[in-house]
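In case you want the letters, here they are:
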Amino acid sequence: MLGLLASWQALFLVAAFSVYIYFKWRRPKGVPPGPNGVPVLGYAPFLTARPHEKLLELSKTYGNIFTIYIGSRLTVILNDYEAVKTAYTDNADAFADRSPGFAHYALNGSDHDSRIRGLTMSNGDQWRTMRRFALTTLRDLGMGKSRLQSRILEEIDSFSATLKKKNLKPANPEHLMIACIANIMFAVTFDKRFEHDDQQFRTIMDFLTIALPTLSNVGPIQLFPWLRLIPGKFKKFWADFTTSQTLLRNVFRKELALHEKSHDFGQVQDYVGAFQDQREKELKQGNTNTYFDEDELIVELTNFFGAGAETTASTITWAYYFMVLHPDVQRKVQDVIDSKIGRDRDIIMEDKVNLTYVEAVCQEVQRLGNVVPLSIARSAVEDSNVLGFNVPKGSYIMPNLWNVHRDPRHWDAPEQFRPERFLDEEGRLLNPPQFMPFSIGKRHCPGESLAKMEVFLFVANILARFNLSVPRGYDLRPPEEYINGLTARPPPFEVIFTPR
Ligand code: HEM
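- For the chain, an unreviewed UniProt entry supplies the name Cytochrome P450 2U1 and the organism Hypsibius exemplaris.
- Regarding the chain, the relevant UniProt record gives this comment under Cofactor (unreviewed entry): "heme".

In structure tokens, the structure reads:
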């Protein structure tokens, strides 16, 4: 009798749980279709190490706008150009939010309150204010102007000198590249350059090259923050990450104090100076609730280094990889540079008009390299309609830029590296709307001009100075073996840089 009661109770519990799951994971009416996942985790366990490839596979069944659940969160996948454009351009205001999870709070929060800081994860008035300030300040500091350009050329000289010291020994340029890009970020933010072996600089490099890449494994902690408390791999990962982040913040605090001492109000040379001036101005006007405080600046700096260093360094590393893989393209770049500019001076941004082939190479590198294949997820500000489907307020939104850049309906022979696709018959540069490595819409990358400048100058000047090749008999792995971590990077490879 007792046994019978127990089995009825068990049956009841299973039925109740099933009803709960059914209502919790039932797609709201009118939303795009999609596969079912498993209770609690949704579709997350099936996304694999290359989620963008899995999503492309799903689009063959469900179409180019579909939904999955990540945990209990409805997530809309925008898998092609039409879907991304309709959401991010035609309905720009409806898709301008982010939805920070547990790890984002830890990375972008402050020690003093629970507010999210910085550009990358904040929303509403705070985000609008900081974004406006960032865009204006980055522009004023001279994206494309000579001061910043000479800082980048200085870093290219340092990169060249290190390569020459290698004396034709093969090297993977990736690590050195991140150091150079981090130094350029220091020029923009603090008007300062570090020697690569400086202790403070090493702390930043450790954060960028060791701690930050581990964030690609943060998914389970985002879903279940308690995992970080249980002894084992997640606890260790979280402890290492937060320690590294504290060290980074301490370096920034120290640099801010030094900067404040030497900075004259109104004499803006860098981002930090502009920020401190703005703070002083607002305090003088009696605005004691200003967003411009030190916590905000620290997180913004972390965002700039975090979002701007590995992305740019991976892009340039992809460029060198493709030049080794396609020596004919490398030779053509060098021929164009030799004939239009010569070899006795640096290549500068003004030369771009004569070097459209080099620009086309940079664009083709970004199209096929796809360093941020799923962009940064956004969230729907309000209920809206995209291509006939309902998108409820609060859904996650994920654009599959990887597929946008490989869609055969828009790109002829998309798997092939063909810079000419970005040139018209007169050799003028083309910018098709389907090319969007920096995303589009209200939250598109604010570092786009800086990144493009770095990529162009590093590609053109290094190819003008060196021939890039792999050691004889070296097995260069194909692009399909790319590494998908925090960004998509080329398969590990070694290059010999031979001075020309
Ligand atoms: C080749 C290099 C880069 C690529 C491919 C890249 C790509 C992206 C992408 C796809 C996004 C997401 C935009 C969206 O949600 O629509 C983004 C956001 C962002 N990027 Fe970049 N980025 C690069 C370099 C940089 C640099 C150099 C900086 C720093 C100045 C930077 C700072 C940011 C910030 C702060 C955001 C968040 C913007 C916001 O939420 O309002 N990025 N980037």
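Structure shown, so let's carry the discussion forward.
Quick notes on the site of the ligand
- Not every one of the 27 residues close to the ligand is listed here, only the nearest: Arg98, Arg131, Arg378, Ser439 and Cys445.
- The contact in question runs from an oxygen atom of the ligand to an N or O atom on the side chain of tryptophan 127, over 2.9 Å.
- Within the contact set of the ligand, an oxygen atom lies 2.9 Å away from a side-chain nitrogen or oxygen of arginine 443.
- Secondary-structure elements contributing two or more residues to the shell around the ligand are α5 (118-121), α6 (124-140) and α13 (294-325).
- Considering every element that reaches the shell around the ligand, the biggest residue donor is α13, with five residues.
- For the shell around the ligand, the per-class residue count stands at 13 nonpolar, ten polar and four charged.

Topic: the pairing of strand β1 (residues 65-70)
- With six of six residues buried, β1 is to be regarded as a mostly interior element.
- Neither face of β1 is open: one carries Ile65, Thr67 and Tyr69, the other Phe66, Ile68 and Ile70, and all of them are buried.
- Hairpin remark: β1 followed by strand β2 (residues 73-78), antiparallel, with two residues in the connecting loop; positive phi at glycine 71, about 60°.

Concerning the coordination of the iron atom of the ligand
- Looking at the iron atom of the ligand, one finds just one donor atom contributed by the protein, Cys445 (SG), at 2.3 Å.
- Positionally, cysteine 445 belongs in the loop between α16 (401-404) and α17 (448-465).

The rules we used
Residues numbered from 1 in each chain as written. Predicted model: local features only at pLDDT ≥ 70, side-chain atom pairs only at ≥ 80, totals over all residues. Heavy atoms only, no water. UniProt positions renumbered as here; feature names shortened; annotations may be inferred. Near = heavy atom within 4 Å. Polar contact = N/O pair within 3.5 Å; in protein donor to acceptor, adjacent residues only side chain to side chain. Helix = DSSP H or I, 4+ residues; strand = E, 2+ residues; numbered from the N terminus. Nonpolar A, V, L, I, M, F, W, Y, C, P; charged D, E, K, R; others polar. Buried < 20%, exposed > 50% of the residue type's maximum accessible area, 1.4 Å probe, protein only. Pairing = 2+ DSSP bridges. Donors = N, O, S within 2.8 Å, 3.2 Å for Na, K, Ca; no water.

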